[in-house]
Amino acid sequence: MARGLIGTIELMVAVVLAARVTLLGVDNLARGQTAIGAVFLGLAAALLVIEWVAPSPTDIPGAIAGWARSALPGGKPPDSGDED
């Protein structure tokens, strides 16, 4: 999936935030607070996964249009690959 300029900036912001949360988790692990450290590491991983997988607000109208097109009689899903 190709990312545009805005998508790349959004990903970099998520990486910076996840890095700070990861450092907090590693610090807690080093202090012996394994449960809290694991929670922070999980939150950092979830932040990156959600940023990578979740659609952006600009993708939602296109997804709705594709769904509506395939729901119409005779409509084909946009990724069907069939040529008329």
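Coordinates for the structure precede this section.
It should be emphasised that the depicted structure is a prediction, and the values quoted were computed from it without experimental measurement.

Caption draft 1: Representation of the overall build of the protein in the model. A count of helices and strands for the protein gives three helices and zero strands. Listed N to C, the secondary structure of the protein is α-α-α in terms of helices and strands. Contacts spanning at least 24 positions in sequence make up 36% of the contacts within the protein whose residues lie at least 6 apart. Counting only carbon and sulfur atoms, one obtains 70% of the accessible surface of the protein, whose full area is about 6,500 Å².

Caption draft 2: View of the side chain of asparagine 28. Mapped onto the secondary structure, asparagine 28 falls in helix H1 (residues 5-30). Using a relative accessible area of 9% as the deciding quantity, one classes asparagine 28 as buried. Apart from residues lying up to four places away in sequence, asparagine 28 is in contact with Gln33, Ile36, Gly37 and Phe40.

Caption draft 3: Structural view of H1. Between its first and last C-alpha, H1 extends 37 Å over 26 residues, near the 38 Å set by a 1.5 Å rise per residue. Listed in full, the buried residues belonging to H1 are Gly7, Leu11, Ala14, Ala18, Gly25 and Asn28.

Caption draft 4: A look at the pattern of salt bridges. Scanning the entire structure with this criterion turns up one salt bridge. Between arginine 31 and aspartate 27 there is a salt bridge; the shortest N-O distance is 3.4 Å.

Caption draft 5: Expanded view of the environment of alanine 19. Note that alanine 19 resides in helix H1. Once the C-alpha coordinates of alanine 19 and leucine 41 are considered, the two residues, 22 residues apart in sequence, prove to be 9.5 Å apart.

Caption draft 6: Examining a nonpolar patch on the surface more closely. A surface patch of nonpolar side chains, about 570 Å² in accessible area, is lined by Leu5, Ile6, Ile9, Val13, Leu17 and Leu47. For the nonpolar patch, the element with the highest residue contribution is H1, accounting for five residues. With respect to the helices, strands and loops of the structure, isoleucine 9 is situated in helix H1. The exposure class of isoleucine 9 is partly exposed, given its relative accessible area of 46%.

Each value, and the rule that gives it
- Residues numbered from 1 in each chain as written.
- Predicted model: local features only at pLDDT ≥ 70, side-chain atom pairs only at ≥ 80, totals over all residues.
- Heavy atoms only, no water.
- Helix = DSSP H or I, 4+ residues; strand = E, 2+ residues; numbered from the N terminus.
- Contact = heavy atoms within 4.5 Å.
- Areas by Shrake-Rupley, 256 points an atom, 1.4 Å probe, with all protein chains shown as cover.
- Buried < 20%, exposed > 50% of the residue type's maximum accessible area, 1.4 Å probe, protein only.
- Expected span 1.5 Å × (residues − 1).
- Salt bridge = Lys/Arg side-chain N within 4 Å of Asp/Glu carboxyl O.
- Patch = residues over 30% accessible without salt bridge, like charges linked within 9 Å, V, L, I, M, F, W, Y side chains within 5 Å.

Purely geometric numbers; function is a separate question.
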